[in-house]
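A look at the structure
Residues per chain, in single letters:
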Amino acid sequence: MSTEALLAAQGGGGGGGGGEVASRRLSIDDALAEHAGEFGRWQLRHFVLVSAAWALEALHTMVIIFADREPAMSCPAGEGRCGDRCAGAAAGWEWAQGSASSTVAEWGLVCGERYKVGLVQAIFFAGCMIGAGVFGHLSDSFLGRKGSLQVVCFLNALFGLLTALAPSYRVYVVLRLLTGFSTGSIGLCAFVLATEPIGPSRRGTAGMSSFYFFSGGIAALAGVAAMFQSSWRLLYVVTSLPSLVFVLAVMPFISESPRWYLVRRRTDDAMRVLRDIAATNGRRIPDGVTLKLDDEGDDANGGKQIEESSPSSSSGSILDVFRSRTTRARLVLSVLINLLCSVVYYGLSLNVVNLKTNLYVSVAVNSIAEMPAYLLTALLLDHFGRKPLGIGTMLLSGVFCIAGSLIAGVGAMRIVRMVCGVVGIFGMAATYNLLFIYTAELFPTVVRNAALGCTSQASQMGAILAPMVVVLGERVPFAVFGVSGIIGGLLVFYLPETMNKPLYDTMAGLEEGEKTPLK
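Calculation rules
Residues numbered from 1 in each chain as written. Predicted model: local features only at pLDDT ≥ 70, side-chain atom pairs only at ≥ 80, totals over all residues. Heavy atoms only, no water. Helix = DSSP H or I, 4+ residues; strand = E, 2+ residues; numbered from the N terminus. Buried < 20%, exposed > 50% of the residue type's maximum accessible area, 1.4 Å probe, protein only. Contact = heavy atoms within 4.5 Å. Areas by Shrake-Rupley, 256 points an atom, 1.4 Å probe, with all protein chains shown as cover. 1 Å grid on protein atoms, 1.4 Å probe; cavity = no way out; pocket = protein on both sides within 12 Å on 5 of 7 lines; lining within 4 Å. Points joined across faces, edges and corners; volume = space filled by probe spheres on them. Nonpolar A, V, L, I, M, F, W, Y, C, P; charged D, E, K, R; others polar. Domains from an automatic or database assignment. Salt bridge = Lys/Arg side-chain N within 4 Å of Asp/Glu carboxyl O. Polar contact = N/O pair within 3.5 Å; in protein donor to acceptor, adjacent residues only side chain to side chain. Patch = residues over 30% accessible without salt bridge, like charges linked within 9 Å, V, L, I, M, F, W, Y side chains within 5 Å. Phe/Tyr/Trp six-rings, centres within 6.5 Å; stacked < 30°, edge-to-face > 60°. Core = buried A, V, L, I, M, F, W, Y, C linked by side-chain atoms within 4.5 Å. Axes fitted to C-alpha atoms, helices over the stretch in contact; angles between N-to-C directions. Parallel < 35°, antiparallel > 145°, perpendicular 65-115°, else oblique.

1. Concerning the overall build of the chain
- Each helix and strand counted, the chain has 24 helices and four strands in total.
- The proportion of buried residues among the 519 residues of the chain is 52%.
- Look at the contacts in the chain between residues 6 or more apart in sequence, and 80% of them connect residues 24 or more apart.
- About 21500 Å² of surface is accessible on the chain, with carbon and sulfur atoms providing 65% of the total.

Given below as structure tokens:
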């Protein structure tokens, strides 16, 4: 018995079984698959709690559709007795739901001032673009995934509540910029935090499921906005409070990512989380099992040498992505693809206000219509792989948008063109959400959020460009969306497949792992 204890202490593998178990070092993916469970009760609970943050992002992003809408105007004096509509109250016109019903009504953002509504939207997404980069880096470094999510949700609540008190248009613009700064990284922080504790065989399907929360948040927003049509300020209050509730009531029950702990050299904390996962899932991790990064050897000494010689491997930045030829090419392609996808997705979505139907019903229906795209992608993701599905969905959207640009919008052909647009947004909604999973799997843990932050910035740039495309007329936008979808689909050809590949922890581990099939 003393001999076995000695072997265990020395990490010997040639002795009894006890020594072998005591010295065994596993990657997190292997530990999940062999001992803790890839997707059990712990992961399900954690996934639902974290993914609820997507609904918060939907509230803060889409509230502008309702807060900045242009309500109906009426002439109390009778038809034809009021002057120029652009003069508003000075010409005898009144807002049907009162001047407090929207920012447009309160500050007279009509006619020559109408551009200010689009300006607010562009500035909001510019804030998202900046915030995605900043918090993408912070969540990979000292702040962590959980810490970053907690900070951005608190800032969202704060800036959202302050927006409700905005005394002027200029102050409103500044507060929407700040709200965008904190909103832009909610999705990426939540996505990474929710999926990193899940095993490789379940990660893709679970990741796709997180986007139901975003669409559900939009549908819920439509219902809430319908109840607060008379006050845009109250609407901002009721859409901001859930973020505060999330920070106070949900975040305490969310765990930090064990992968982040591991790359920060906090192995004991990573093991604590994995043991908690195993216990909740009704399983157990043997006492002798420890964790290793994917660029470490199986022996304890080898791991120690790497830890001492590479103290900076526990964190990374976007500069590290560019230093590697492998990740540099992936990042450039991912940025271009996300940009093109976002232009099409947001561009096709912006036509809601031009449908001349009930705004609240239209937004709810559109959000629900995206859900089948998520379901289809989730079902096919692990059968066909990320790359073929990305190519297929982008080309599907692109082809139907091109078809829509060739159809005249008169008579019954309007319906045909509308169908082309519906199929276009169906395909691009699937692509948009698939890209989160695909991008997360293309980069190692040390730079994953930094890379996702960079691609999220590209998406926000696409969101800024989309309104500029929409104003080009009836057919031209469809043509632009079609070409964007087709080019994006062709670019996906140059990305590697990531299905059933390990989620690498370090840059060295990724480089070595990519060389393995060639040996």
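2. Considering the environment of Cys-75
- Mapping Cys-75 onto the fold places it in the loop between strand 2 (73-74) and strand 3 (94-95).
- A sequence separation of 20 residues divides Cys-75 from Trp-95, and the C-alpha atoms of the two residues are 8.8 Å apart.
- Sequence-distant contacts of Cys-75, that is, excluding residues within four places in its chain, are made with Arg-81, Cys-82, Gly-92 and Trp-93.

3. Digging into empty space enclosed by the protein
- The full count for this structure, using the stated rule, is five cavities of 30 Å³ or more.
- The computed volume of the largest cavity comes to approximately 230 Å³.
- Taken together, 21 residues form the lining of the largest cavity, with Trp-54, Glu-57, Tyr-432, Phe-436 and Gln-460 sitting closest to its centre.
- Those elements that provide at least two residues to the lining of the largest cavity are helix 4 (41-67), helix 9 (186-195), helix 11 (211-227), helix 17 (325-349), helix 21 (413-442) and helix 22 (445-470).
- Of the residues that constitute the lining of the largest cavity, the class distribution is 11 nonpolar, nine polar and one charged.
- Each of domain 1 (25-72 + 91-293) and domain 2 (318-512) contributes no fewer than three residues to the lining of the largest cavity.
- Looking at the second largest cavity, its volume works out to about 50 Å³.
- Along the walls of the second largest cavity sit Arg-330, Glu-441, Leu-442, Pro-496, Glu-497, Thr-498, Lys-501, Pro-502, Tyr-504, Leu-510 and Glu-514, which together make up its complete lining.
- Of the residues assigned to the lining of the second largest cavity, the class counts are five nonpolar, one polar and five charged.

4. Observations concerning the pattern of salt bridges
- For the coordinates displayed, the defined rule picks out 11 salt bridges.
- A salt bridge links Asp-140 to Arg-145; the shortest N-O distance between them is 2.6 Å. Neither Asp-140 nor Arg-145 differs from the other in exposure class; each is buried.
- Two residues, Asp-269 and Arg-272, come together in a salt bridge whose shortest N-O distance is 3.6 Å. A residue pair is termed a helical-turn pair when its members lie 3 or 4 positions apart in one helix, as Asp-269 and Arg-272 do in helix 14 (residues 267-280) at three residues.
- The exposure class assigned to Arg-272 is partly exposed, which follows from its relative accessible area of 46%.

5. Things to note about the side chain of Ser-102
- Secondary-structure assignment places Ser-102 in the loop between strand 3 and helix 5 (103-107).
- Residue Ser-102 is classed as buried on the basis of its relative accessible area of 0%.
- A distance of 3.3 Å separates a polar atom in the side chain of Ser-102 from the backbone nitrogen of Val-104.
- In this structure the side chain of Ser-102 is engaged in a polar contact, spanning 3.2 Å, whose partner is the backbone nitrogen of Ala-105.
- Excluding residues within four positions of it along the chain, Ser-102 makes contact with Phe-66, Ala-67, Arg-69, Pro-71 and Trp-232.

6. A few points about a nonpolar patch on the surface
- Among the surface-exposed residues, Phe-154, Leu-158, Leu-162 and Leu-165 lie close enough to one another that they form a single nonpolar patch of about 370 Å² accessible area.
- Following the sequence through the fold, Leu-158 ends up in helix 7 (residues 144-163).
- Since its relative accessible area comes to 36%, Leu-158 is described here as partly exposed.

7. Brief notes about the packing of aromatic side chains
- Summed over all chains, the structure comprises 20 aromatic pairs.
- With a centroid separation of 6.1 Å and an interplanar angle of 25°, the aromatic rings of Phe-191 and Phe-211 are classed as stacked. Of this pair, Phe-191 sits in helix 9 while Phe-211 is found in helix 11, placing the two residues 20 residues apart along the sequence. Taken as a pair, Phe-191 and Phe-211 share a single burial class, namely buried.
- A ring pair is formed by Tyr-345 and Tyr-346, whose centres lie 5.3 Å apart and whose planes are at 85°; its orientation type is edge-to-face.

8. Thoughts on the nonpolar core
- Counting 139 residues, the largest nonpolar core has Phe-66, Leu-149 and Phe-246 as its most contacted members.
- When residues of this core are assigned to their parent elements, the largest contribution, 13 residues, is made by helix 4.
- Each of two domains, domain 1 (25-72 + 91-293) and domain 2 (318-512), supplies a minimum of three residues to this core.

9. Looking at the packing of helix 17 against helix 24 (residues 507-515)
- Helix 24 packs onto helix 17 with a crossing angle of 95° between their chain directions and a minimal axis gap of 10 Å. Judged on the interaxial angle alone, helix 24 and helix 17 are roughly perpendicular. On the side of helix 17, the interface is formed by Thr-326, Thr-327 and Arg-330, while helix 24 contributes Met-507, Leu-510, Glu-511 and Glu-514.
- Grouping the amino acids of the contact of helix 17 with helix 24 by side-chain chemistry returns two nonpolar, two polar and three charged.

Keep in mind these numbers describe shape, not what the thing actually does.
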